Amino acid sequence: MRIFPTYRFYVLAVACSILLFIGYYYEFVFTVAKGLTAILFLFILVDISLLFFSRGRIVLERALPDRFSNGEQNEVSFSIVNTYGIRVDLVVLDELAAQFQKRDLRIELSLASGKQAFEDYTLRPTERGEYHFGKTNVLVNTRLNLITRRFKFGEPRMVKVYPSFLNLEKYELSAISQSLKLSGQKRM
């Protein structure tokens, strides 16, 4: 079990530390700081128990096509299910192929208990070849947002990129139409 503290955790921990330091000089502030630190510690334990010791988890399936069309927008989609008993906030981080040089792909969403969401994004490859995708990481937070749990889904996968085949059908129909006109036939 790896615990990932959030930004809010660090802000509150620093605030409690500053209050404890000031409490060294003022007795009343020290008493308040001890109380706030105890409350923070209690919230951290509640957050950890909700994320790690409940029966819930996140289930994700990534739909990645077997091939991409070069120079075209290709769609990658996810199906995400929340089996936790509470609403959770999610951040989906997909490990994209190195050719995309894109490290900032984040899909953020909030998902109620027992609900399913569908998300997608598009990628535009610029060269042919093999594109190796990694796993999909999902970071899960409760509404307390003090601790994050990470789930990893899927296996690394390779997608081949071929010359633009998405517009092939359009050009094929155009070629048939042109050849019919040249031979004197009219397509009905």
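Criteria and cut-off values
- Residues numbered from 1 in each chain as written.
- Predicted model: local features only at pLDDT ≥ 70, side-chain atom pairs only at ≥ 80, totals over all residues.
- Heavy atoms only, no water.
- Pairing = 2+ DSSP bridges.
- Helix = DSSP H or I, 4+ residues; strand = E, 2+ residues; numbered from the N terminus.
- Axes fitted to C-alpha atoms, helices over the stretch in contact; angles between N-to-C directions.
- Patch = residues over 30% accessible without salt bridge, like charges linked within 9 Å, V, L, I, M, F, W, Y side chains within 5 Å.
- Areas by Shrake-Rupley, 256 points an atom, 1.4 Å probe, with all protein chains shown as cover.
- Salt bridge = Lys/Arg side-chain N within 4 Å of Asp/Glu carboxyl O.
- Buried < 20%, exposed > 50% of the residue type's maximum accessible area, 1.4 Å probe, protein only.
- Core = buried A, V, L, I, M, F, W, Y, C linked by side-chain atoms within 4.5 Å.
- Contact = heavy atoms within 4.5 Å.

1. Digging into the sheet that holds strand β7 (residues 116-123)
Here we have three strands laid out as an open sheet, ordered β2-β4-β7, and antiparallel in their pairing. Across the chains shown, the open sheet's two edge strands, defined by having one partner strand only, are β2 (58-63) and β7. Neighbour to neighbour, the strand axes of the sheet diverge by 20° on average, direction disregarded.

2. Points about a nonpolar patch on the surface
Taken together, the side chains of V14, I18, F21, I22, Y24, Y25 and Y26 present a nonpolar region at the surface, about 830 Å² in accessible area. Structurally, the position occupied by F21 is in helix α1 (residues 7-23). When its relative accessible area of 56% is taken as the criterion, F21 is described as exposed.

3. Some thoughts on the nonpolar core
One finds I58, F68, I80, L90, F133, V138 and V140 to be the most contacted residues of the largest nonpolar core, which totals 38 residues. Ranked by residue count, the leading element in this core is helix α2 (residues 27-52), at five residues. Excluding residues that lie within four positions of it along the chain, V140 makes contacts with L51, I58, Y84, V88, D89, L90, I147, T148, R149 and F151.

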